[in-house]
Amino acid sequence: MDHTQQAMARLTSAGVRGIALTWVDNAGITRVKAVPTARLKQAVRNGVGMSPVFDVYLVDDSMTDSPHIGGPDGDLRLVPDLDRLTVLAGQPGWAWAPVDRFESSRAPYPACQRRFARRQVATVAEEFGIELLMGFETEWMVGRAADDAGQVANGPAYGMARLVELSDYLSALLDAFTAQGLEPLQLHPEYALGQFEVSLTPTGPLAAADLAVLARETVRAVSARHGLAASFAPMVRGDGLGNGRHLHLSLWREGKNLCRGGDGPFGMTADCEAFLAGVFRELPALLALGAPSPASYLRLRPGYWAGAYHSWGLENREAALRFIEGSPDDLGGANAELKCFDGAANPYLLVGAVLAAGIAGLREELTLPLPVVGDPSGQLNQKRLPESLPAAVDRLAASSVLATALGPELLGAVLAVRRAEAELYEATGPDELVTATRDRY
Ligand code: GLU
Ligand code: MG
């Protein structure tokens, strides 16, 4: 039996009827084609058809156009990655696999976001012998329906009362994660009413992006089975508290964590500092990928630990880049957290672009500016990150580092989607914008 036949036998014995093949579009929406289990072999061999026009779809399912991609012509082949094939615990009868997208000719598709991420992983390994570990934190809010998030689990922030109220739901979530081979590090009630967070064990960047998709859909599915609607949108209500999707990362060479044991700030090695300095320099441009919705900028405000300042600091939760030293006996503990990103982001685009920015930092041997101590608000030299989507998009359009890494097809489509969403909601007030986007992601 070959690899695919083995996978099909495993799925069939687990009672799996269908496999959800997902990819994430440039608007941050996870799109899907499903195949019956018996068709998996054909799907692996020939791919499953889907139009390239989804690369210019907006959050409201309307479409725009871009220099290289758009319009009704053409087809792509979605090819599942069987290494990530997972039987879904929250959706009996279903399995899931992420896909890579190819041209009909089977040539690589230049706008495939997953391929983009994979290429950056290969570059940092080939050029610098560095591997990264990454992990996303998933925050979400639950309600009995999408429009009443906060009507359940409205006890105190981080309060045990919330965990008791939703005890069955939360234990079912842990069960589902574990059954799927995802190792949750932590699960806790967050600050906002009805808000929870799960963080996963760090893994390679491509896997981290895949698992961000899987974690979200698992939360969504388990929530639905408990009569709850989960929202992962940057803003769910107009009260100023949003959902982030922070990204943790550490750099490794030959089993050594480069975020510790060096002579740089807080024990960083020169490689770690250069990589983080590259990321730090590009943060305003990265925001257009990591905080990609007009609604992202309702979240990204000072005072909510969302990382609204273009600052970095040791364990500083108001800085966009929070460095964590970790305890001396925890080799993996030292890492950096990028707090300014949210769940509207395409995780593949984001990890690829963060890597590209870090690679530029390594090439140029950059160093970090001075860290901030305390609340950056009102401090000399501490500036806000872009305060609107158009401002972030201008920074992305001006970034030669990201333009080179993304390539014209992918960058063109991303810029088109961002500009079209900014225009779509230009005249929309905050409450309406929240309503329009909160149940989309
Ligand atoms: N909910 C906050 C955000 O919007 C993050 C809170 C925290 O975990 O530090 O990013
Ligand atoms: Mg949190």
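The following refers to the structure shown. Fair warning: this is a prediction, and the values are worked out from it, not measured in the lab.

Definitions and limits used
- Residues numbered from 1 in each chain as written.
- Chains lettered and ligands numbered in written order.
- Predicted model: local features only at pLDDT ≥ 70, side-chain atom pairs only at ≥ 80, totals over all residues.
- Heavy atoms only, no water.
- Core = buried A, V, L, I, M, F, W, Y, C linked by side-chain atoms within 4.5 Å.
- Buried < 20%, exposed > 50% of the residue type's maximum accessible area, 1.4 Å probe, protein only.
- Helix = DSSP H or I, 4+ residues; strand = E, 2+ residues; numbered from the N terminus.
- Phe/Tyr/Trp six-rings, centres within 6.5 Å; stacked < 30°, edge-to-face > 60°.
- Lys NZ or Arg CZ within 6 Å of the ring centre and 35° of its normal.
- Near = heavy atom within 4 Å.
- Polar contact = N/O pair within 3.5 Å; in protein donor to acceptor, adjacent residues only side chain to side chain.
- Areas by Shrake-Rupley, 256 points an atom, 1.4 Å probe, with all protein chains shown as cover.
- Arc of directions from axis to C-beta.
- Contact = heavy atoms within 4.5 Å.
- Pairing = 2+ DSSP bridges.

### A word on the nonpolar core
Ranked by size, the top nonpolar core spans 143 residues in total, and within it Trp140, Tyr169, Leu249, Leu276, Leu283, Phe341 and Val354 carry the most contacts. Ranked by residues supplied to this core, first place goes to helix 7 (residues 270–290) with 13 residues.

### Notes on the packing of aromatic side chains
In the structure shown here, the tally under the stated rule is four aromatic pairs. Judged by centre distance (6.5 Å) and plane angle (80°), the ring pair of Trp23 and Phe54 falls under edge-to-face. On the criterion of sequence distance, the pair formed by Trp23 in strand 1 (residues 18–24) and Phe54 in the loop between strand 3 (48–50) and strand 4 (76–80) is long-range, its members being 31 residues apart. The two residues Trp23 and Phe54 agree in class, both being buried. Stacked on the ring of Trp23, the Lys or Arg Arg101 has its end atom at 3.9 Å from the ring centre. The side chain of Arg106 reaches across the aromatic face of Phe102, ending 5.6 Å from its centre.

### With respect to the site of ligand 1
If you check the shell around ligand 1, you find 13 residues, and the closest are Glu139, Glu190, His246, Arg299 and Lys339. Residue Glu190 places a side-chain N or O atom 2.9 Å away from an oxygen atom belonging to ligand 1. Lys339 has a polar side-chain atom sitting 2.9 Å from an oxygen atom of ligand 1. Notes on ligand 1: free accessible area 300 Å², of which the protein chains cover 91%.

### Quick word on helix 1 (residues 3–13)
The periodicity of an α-helix, 3.6 residues per turn, causes residues three or four places apart in sequence to face the same way. For helix 1, the set of buried residues is Thr4, Ala7, Met8 and Leu11. Viewed end-on, helix 1 has its buried residues packed into an arc of 100°, placing them on one side of the element. Close packing links the buried residues of helix 1 with strand 1, helix 2 (40–46), strand 5 (86–87) and strand 6 (94–103). Near the N-terminus of helix 1, the side chain that reaches the backbone nitrogen of Thr4, with its oxygen 3.2 Å away, is that of Asp2. Gly15 sits one or two residues past helix 1 and shows a positive phi near 75°.

### Comments concerning the pairing of strand 15 (residues 335–338)
One face of the sheet, then the other: side chains in a regular strand alternate in exactly this way. Residues of strand 15 alternate between two faces, with Asn335 and Glu337 on one and Ala336 and Leu338 on the opposite face, all of them buried. Summarising the sheet, strand 11 (residues 247–253) and strand 15 pair through three bridges and their orientation is antiparallel. Across the sheet, residue Leu249 finds its bridge partner in strand 15, namely Ala336. Of the strand pairs in this sheet, strand 14 (residues 319–324) and strand 15 are connected by four bridges, and their pairing is antiparallel. By the bridge assignment, Ile324 is partnered in strand 15 with Asn335.

What is shown is where atoms sit, not what they do.
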